[in-house]
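# Structural characterization, general
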Amino acid sequence: MSRILIVDDEISILKALQRLLRVAPCVYGNEQFSLEVVACEFPSEALKHARQGEFDLFISDYRMPEMDGIEFLKQARALQPDAARLILSGYADLNALVRAVNEVGIERFIGKPWNDYELMSAIAQALAHRELLLENRQLADLVRVEMGDKTAEQIEAERLERLEPGITRVNWGPDGSVVLDDDN
Amino acid sequence: MDAFVWDQRYMTGEAQVDGEHQELVRIINALIDLQSKYASPDAVAQVLDQLVNYAVVHFAHEEALMAESHCDPRFVERHVAVHRSFAEQVVRLRDSSADGSDLEYLLNFLTGWLAQHILGMDKAMVRQIELIRGGNSPQAAYDAAAKITTDPATSSMLDAMASLYRIISARNDALSELNRGLEAKVAERTEALKESNRRLLESEHRRSTETRRNLELFLSQIIDGDPVPTLVIDASHRITHWNKACANISGLPAERMVGTWDQWMAFYPAARPIMADLIVDGSLEERFNTYYHNLFRRSKTIEDAFEAESFFPNLGENGRWLFFTAAPIRDGEGRIIGAIETLQDVTDRHLAEDELLKYQEQLEAQVEARTRELANTNRQLEREHAELTTLLGKIDETQQQLLQSEKMAAIGQLAAGVAHEINNPVGFVNSNLGSLKSYTGNLLRLIDAYESGEPQAIAAARQAADLEFLREDLPSLLAESQEGLDRVTRIVQDLKDFSRVDQAEHQRADLNAAMNSTLNVVRNELKYKADVIVELGDIPEIDCVPAQLNQVFMNLLVNAAQAIPERGKIFVRSGVERDHVWFEIEDTGCGMSAETRQRIFEPFFTTKPVGKGTGLGLSISYDIIVKRHHGRLDVHSETGKGTTFRIWLPIVQSAET
């Protein structure tokens, strides 16, 4: 089951996407993904969801109140670096596109109005790509442990770090105290 | 006056004496009669003479009688003295009253005196004579007579009268004396006055002679001292005055000229009449035309005088221009007794005029040259002007292009919002249609299953179609899609409204509607930055070009949104005040500094990064509001608090637009 978080200030879009993702098959090669969709009207609400559970894919509109899609995805990546990111927008100028690619590393930019098939393919491809990457890393870690390049502790720390970024680092205060940053 | 009435009392008893007394009374009565009849003084004088003569005869008789009777000498002396006195009085009175005015007074005197004399003196005389005849001595008779007083009243009255007559006599004498003195004085004075008159006449005569001489001298001096050459001739054309100035100008001295008839010599080579001669002759105009053809005119200032101006080649070295005036001289009866002619040397003026003329010609030549230069310059300027006009046309064209590009830039800015706004509904409607297609497929399959009537197939189809979900979702899918398409339609309509070709003309338009359609177009641009609060008032339609004002509204709204860094509010208000409507666009953005505010209407001034704005938006807005709509564009801005633009537009445009 792949978890997808969708953000768009337009409720009709959210509903249309939910309909589409509910019925359309999400297939890449031989692999079919079954999807669980969380739809949010506001980026802040979406970020809240991102802090609470792991997602495989973030799909964001570009122009939204509060913050634009790039800003949202930046924050989402900080929370969940391994999740794939996708922008679905009716309009973005070249600047926005460049920022999206360079700053956020989006998987795809899909224009509105979208083609249902293309959108589904893009989602499936992104999910498959992510799965491949994760599998690749897992295998590489195994090899490194076997070859003695990495200890199991290190790998566990990396896993924890991925799960909760920053958890393996201690933020020392100037007086030797430990500063707990609770803004997340 | 009453007549002298004779009665017994006056009888003395001496016959001759009584008869003569009666004769005297008769003569006096005759006088009274004459006086009452206003008789002529001659007649009165005649009778008076008669009376005096008779009185003299009578006094002589009385005196003879007294001498004959040897009356006392004392009495005789008194009696005679009274007689003399009477005679003198009467003669004097007669002389003084010769004109008859005092006749009445004379008569009173005569009657009074005669009555008193008879009753007193004469009766005393007769009594003494009777006493002497009776044998008494004259002395005794005189004493007796003196003692006898016939009656005291009469005697005292006689005394009083006697003294009265003496007083009157004395007065008369004094008056006469006074009169004589006065007459003498009058005569003396008259003589003195006569003498004085004679002397006065003599001195007056002397003085008038002297005055005349002085006047002549004075006149001569005036004429002589006059710097204007002047000559005077008399009725016989003889020169009487030839002043120094005249001598100077003509070169002929006064001694040579005065008294001669040679006045022509000064001016002409041969004898001929000068203007003064013509005036003396009175031949005037017809002869003037002979000698001064077309040159003379009547003086405007002096009656009867004539003026002329002419060149005299014989005068001076190079000849002279003279302006001469001649006027008649008249006596008291208006007869012409001579003429005066003055000459003014106007050679200098003529020279100056010639100079002026020359100078004028020079000036004209200069002016002509200048005019040519100016014409050249003008042609050059015209060429330059034409070039400038061409350039201006190009600039105008460029400006139009700029305007167009600003419009395009604005539309480009809009495009993001509009694209978003259109693409969103199109996106979900399209997607919904895809979902609907799969829903429909499921439903149709379910229907097929029902038609086949196989319970297993029906159950499987129901399962696949998820009918419960479809029941719930289909209506909302359709409703949302419907709403999405409505939005597209509305946006397209707003875009059309915003840029309608038919709104590019002057027309009456409801600007609230224009503002609403503009707001719809840019709302998608605004909504990510600000809450738009619209408070439009009731405003009338105004004369305007709606498409241009839409552009202004859009510029101001987009600027307001761009001035807001995170999220703020934009207030849009309108209202009407007197003959203007106003629109206000207020933002809670970053505001502007004073320097920025001063420059915002300059073309190409922008605070945005290069490539983000043309810098023309506000300058064009200003142009549209102020120049094309004769309105006003006010700005109020405070750094950090926001900016308010207020547009004022006249409801009715003046005719020339």
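### Some words on the overall build of chain A
Across its full length, chain A carries six helices and seven strands. Reading the helices (α) and strands (β) of chain A from amino to carboxyl end gives β-α-β-β-β-α-β-α-β-α-β-α-α. Counting every position in chain A, which comprises 184 residues, the buried fraction comes to 36%. Partitioning the contacts of chain A with sequence separation of at least 6, the portion at a separation of at least 24 is 63%.

### Focus: the sheet that holds strand 13 (residues 642-650) of chain B
Residue and element names in this part refer to chain B. Judged by pairing direction, the sheet is mixed, and its five strands sit side by side in the order 8-10-11-13-12 without closing on themselves. With one partner strand each, in any of the chains shown, strand 8 (530-535) and strand 12 (632-638) form the two edges of the open sheet. Mean inter-strand twist for the sheet, computed between neighbouring axes without regard to direction, equals 15°. In this structure, strand 10 (residues 568-577) lies alongside strand 11 (residues 580-587), joined through eight bridges in antiparallel fashion. Among the inter-strand pairings, F571 is bridged to a residue of strand 11, identified as E586. Packed onto the sheet, helix 17 (residues 617-628) meets strand 12 and strand 13 and runs at close to 135° relative to strand 12.

### Structural notes on the nonpolar core
Core analysis: the largest hydrophobic core is formed by 45 residues, its most contacted members being I4(A), L5(A), I6(A), L57(A), F58(A), L86(A) and I123(A). The dominant element in this core, judged by the number of residues it contributes, is helix 5 (residues 116-147) of chain A, at seven residues. Setting aside anything within four residues of it in sequence, one finds I123(A) in contact with C26(A) and L57(A). By size, the runner-up hydrophobic cluster in this structure holds 36 residues, among which are V418(B), I422(B), V552(B) and V558(B).

### A few points about the sheet that holds strand 6 (residues 84-89) of chain A
All names here are of chain A. The five strands are arranged 4-1-5-6-7 in an open sheet whose pairing can be described as parallel. Only two strands of the sheet have a single partner each, and these edge strands are strand 4 (35-40) and strand 7 (108-111). Within the sheet, the average angular offset between the axes of one strand and its neighbour, ignoring direction, is 20°. With four bridges connecting them, strand 5 (residues 57-60) and strand 6 associate as parallel partners. Bridge pairing in strand 6 places S60 opposite I87. Sitting on the sheet, helix 2 (residues 43-52) touches strand 1 (2-7) and strand 4, and the angle it makes with strand 1 is about 160°.

### Examining the pairing of strand 6 of chain A
All names here are of chain A. Buried residues dominate strand 6, accounting for six of its six residues. Residues of strand 6 alternate between two faces, with A84, L86 and L88 on one and R85, I87 and S89 on the opposite face, all of them buried. Taking the sense of rotation as the criterion, the β-α-β connection linking strand 5, helix 3 (residues 69-79) and strand 6 turns out right-handed. For strand 6 and strand 7, the ladder comprises four bridges, and the chain directions are parallel.

### Let's talk about the packing of helix 15 (residues 546-563) of chain B against helix 17 of chain B
Residues and elements named next belong to chain B. At a minimum axis distance of 9 Å, the contact between helix 15 and helix 17 shows a crossing angle of 140°. Comparing the axis directions of helix 15 and helix 17 gives the class oblique. Crossing of helix 15 against helix 17: the hand is left-handed. Counting all contacts with helix 15, which are made through Q548, L549, Q551, V552, N555, L556 and N559, the residues of helix 17 involved are G617, L618, S621, I624, I625 and R628. Considering only residue class, the contact of helix 15 with helix 17 consists of six nonpolar, six polar and one charged.

### Describing the interface of chain A and chain B
The interface of chain A with chain B comprises 19 residues on the first partner and 20 residues on the second. The dominant element in the side of chain A that touches chain B, judged by the number of residues it contributes, is helix 1 (residues 11-23) of chain A, at eight residues. Taken together, the residues of the side of chain A that touches chain B break down into 10 nonpolar, two polar and seven charged.

### Quick look at the environment of V56(B)
All names here are of chain B. Here V56 shows up in helix 2 (residues 41-68). On the neighbour-count criterion, V56 (13 C-beta atoms within 10 Å) is partly exposed. Measuring from C-alpha to C-alpha, the distance between V56 and R84 comes to 9.2 Å, with 28 residues separating the pair along the chain.

### Section: the confidence of the model for chain A
Predicted coordinates in areas of low pLDDT are best not read in detail. Here chain A shows a mean pLDDT of 88. Residues at 70 or above account for 97%. Within chain A, helix 6 (residues 152-163) of chain A has the poorest average pLDDT of any element, 82, and strand 5 of chain A the best, 95.

### Notes on unusual backbone geometry
The linkage connecting K112(A) with the following residue, P113(A), adopts the cis geometry, with an omega of -10°. Structurally, P113(A) is set in the loop between strand 7 and helix 5. Even without glycine at this site, H70(B) takes up a positive phi of about 55°. As for its placement among the helices and strands, H70(B) is situated in the loop between helix 2 and helix 3 (73-96). A tally of 14 C-beta atoms within 10 Å means that H70(B) is categorised as partly exposed. Even without being a glycine, D466(B) presents a positive backbone phi close to 50°.

Each value, and the rule that gives it
The numbering scheme is per chain: residues are counted from 1 as the chain's sequence reads. A letter from A marks each chain and a number from 1 marks each ligand, given out in the order of writing. With the structure being a predicted model, the display of local features is reserved for residues of pLDDT at least 70 and the display and counting of side-chain atom pairs for 80 or more, all residues being used for whole-chain, interface and lining totals. A run of H or I in DSSP becomes a helix once it reaches four residues, and a run of E becomes a strand once it reaches two; helices and strands are each numbered from the N terminus. Counting other C-beta atoms within 10 Å of a residue's own tells you its class, since 20 or more makes it buried, 12 or fewer makes it exposed, and anything in between is partly exposed; those C-beta atoms are placed from the backbone. Residues are scored as being in contact if the C-beta atoms we place from backbone atoms lie within 7 Å. Whether two strands pair comes down to DSSP finding at least two bridges between them. Note on geometry: axes are C-alpha line fits, over the in-contact stretch for helices, and angles between N-to-C directions span 0 to 180 degrees. Each nonpolar core reported here comprises buried Ala, Val, Leu, Ile, Met, Phe, Trp, Tyr and Cys residues connected via C-beta atoms within 7 Å. Classification remark: right-handed applies to a crossover when, strands pointing away from the viewer, the course from the first strand over the helix to the second runs clockwise. Here roughly perpendicular refers to angles of 65 to 115 degrees, roughly parallel to angles under 35, roughly antiparallel to angles over 145, and oblique to all remaining angles. Here a crossing is taken to be left-handed if its near helix is turned anticlockwise relative to the far helix by less than a right angle, and right-handed if that turn runs clockwise. Any residue that is not Ala, Val, Leu, Ile, Met, Phe, Trp, Tyr, Cys, Pro, Asp, Glu, Lys or Arg is counted as polar, Gly included; the first ten are nonpolar and the last four charged. Every residue carries a pLDDT, the predictor's confidence in it, which falls somewhere between 0 and 100.

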